[in-house]
Amino acid sequence: MGVRKIDNNKKRVKGIICIVISAFCFAWMSTFVRLAGDLPTMQKAFFRNFIALIFALIMLKKDGVSLKPHDKKNIPALLIRSVMGALGILLNFYAVDNLVLSDASMLNKMSPFFAVLFSFLFLKERMTLFQGFAVLIAFIGSLFVIKPTFSNFSSLYAFAGLMGGMMAGAAYTAVRYLGNHGENGAYIVAFFSGFSTLFFAPWLIFDYHPMTITQLLCLIGAGLAAAGGQFSITAAYTYAPAKEISVYDYSQLIFTTLIGFVLFGDLPDVYSVIGYVIMVSVAIVSFCYNKKRTD
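The structure reproduced in this document is the subject of the present report.

The rules behind the values
Residues numbered from 1 in each chain as written. Predicted model: local features only at pLDDT ≥ 70, side-chain atom pairs only at ≥ 80, totals over all residues. Heavy atoms only, no water. Axes fitted to C-alpha atoms, helices over the stretch in contact; angles between N-to-C directions. Helix = DSSP H or I, 4+ residues; strand = E, 2+ residues; numbered from the N terminus. Parallel < 35°, antiparallel > 145°, perpendicular 65-115°, else oblique. Left-handed = near helix turned anticlockwise from the far one by under 90°. Contact = heavy atoms within 4.5 Å. Nonpolar A, V, L, I, M, F, W, Y, C, P; charged D, E, K, R; others polar. Core = buried A, V, L, I, M, F, W, Y, C linked by side-chain atoms within 4.5 Å. Buried < 20%, exposed > 50% of the residue type's maximum accessible area, 1.4 Å probe, protein only. Salt bridge = Lys/Arg side-chain N within 4 Å of Asp/Glu carboxyl O. Phe/Tyr/Trp six-rings, centres within 6.5 Å; stacked < 30°, edge-to-face > 60°. Lys NZ or Arg CZ within 6 Å of the ring centre and 35° of its normal.

### With respect to the packing of helix α2 (residues 41-63) against helix α9 (residues 213-239)
Then, in step 1: As a packed pair, α2 and α9 sit with axes 7 Å apart at the nearest point and diverge in direction by 55°. As the angle between them shows, α2 and α9 are arranged oblique. The two elements α2 and α9 meet at a crossing, and its hand is right-handed. Side by side, α2 and α9 meet where Lys44, Phe47, Arg48, Ile51, Ala52, Phe55, Ala56 and Met59 of the first sit next to Leu216, Leu219, Ile220, Gly223, Leu224, Ala226, Ala227, Gln230 and Phe231 of the second.
Then, in step 2: Its residues assigned to classes, the contact of α2 with α9 shows 13 nonpolar, 2 polar and 2 charged.

Pasting the structure below:
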């Protein structure tokens, strides 16, 4: 029993590290998407997934992983992960293109809540009261950082952002299921990237907008960052359940703010600093709590 607890603790730590790395990558993905300028949402989404697909196929070949699923019974979960992930990206980009960025970001950050909820409902993973409160407090901390106005929450754009967060939460729950049933992380990413690339391809063909070299490089950068984020978050949710690591996904807000300061000279206000303190404090307390439970 003691060996199992130590092993679970190591997996949890790996999950935390992976989800923080994914947050860093996704922060850069968002930055590159914004730097790409006024291009169609579908075009941005295509390049994001096409680059990730190439990266995933290279990793599969390098590791000698088959292009077939580990178990045919995993195919429904792979399809759920892919459909929910593709719709989540589309809805998130749609919200980002039409909403104040802080509103869109906050709505997308509902994904960890949905991941915890779906894991509880469909994977039957237990959630302690403390872990539930930890995610809630971290969410409150994020509100200090992004300061959403919800001035147009009833609009189609805001609803799309909320639905995008829900789709992402469902996708991460499917990733957790696939990890528990022996599916390779690189294969999960490749399957999703291939599915979403095909999904967005028709719009690219019929509504392609010429790009400058700078825009192309930005989209390539977004795709590479997305690949890094996708591999990392896939690994994170295969190592540990959402209830134990999802809180660390909010580190993306910190990375986004730091990148914004370096590139655009943005300075966080006092409310943002309060949010940082709350989120980091919750992360430390949650880590200590989970470590104590496994000791």
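Text resumes after the structure shown.
### Description of the nonpolar core
Then, in step 1: Ile19, Met29, Tyr237 and Ile245 are the most contacted members of the largest nonpolar core, which totals 62 residues.
Then, in step 2: Not counting residues up to four positions away in its chain, the partners in contact with Met29 are Arg48, Phe93, Ala222, Ala225 and Ala226.

### A closer look at the pattern of salt bridges
Then, in step 1: In the structure shown here, the tally under the stated rule is 1 salt bridge.
Then, in step 2: The salt bridge partner of Glu125 is Arg176, with a shortest N-O separation of 2.9 Å. Of the two residues, Glu125 is situated in the loop between α5 (111-122) and α6 (129-146) and Arg176 in helix α7 (residues 156-180); the sequence distance between them amounts to 51 residues. In terms of burial, Glu125 and Arg176 fall into one category: buried.

### Points about the packing of aromatic side chains
Then, in step 1: If you walk through the whole model with that rule in mind, you get 11 aromatic pairs.
Then, in step 2: Taking the centre distance of 6.2 Å and the plane angle of 45° together, the rings of Tyr187 and Phe191 count as tilted. With a gap of 4 residues between them, Tyr187 and Phe191 both fall in helix α8 (residues 185-206), about one helical turn apart.
Then, in step 3: When its relative accessible area of 24% is taken as the criterion, Phe191 is described as partly exposed.
Then, in step 4: Seen from their ring centres, Phe199 and Phe200 are 5.2 Å apart, and the 80° between their planes marks the pair as edge-to-face.
Then, in step 5: Looking at Phe199, the relative accessible area reads 29%, which means it is partly exposed.
Then, in step 6: The exposure class assigned to Phe200 is buried, which follows from its relative accessible area of 0%.
Then, in step 7: Through successive ring pairs, a cluster of aromatic residues spans Phe46, Phe47 and Phe50.
Then, in step 8: Its end group placed over the ring of Phe192, Arg81 keeps NZ or CZ at 4.0 Å from the ring centre.

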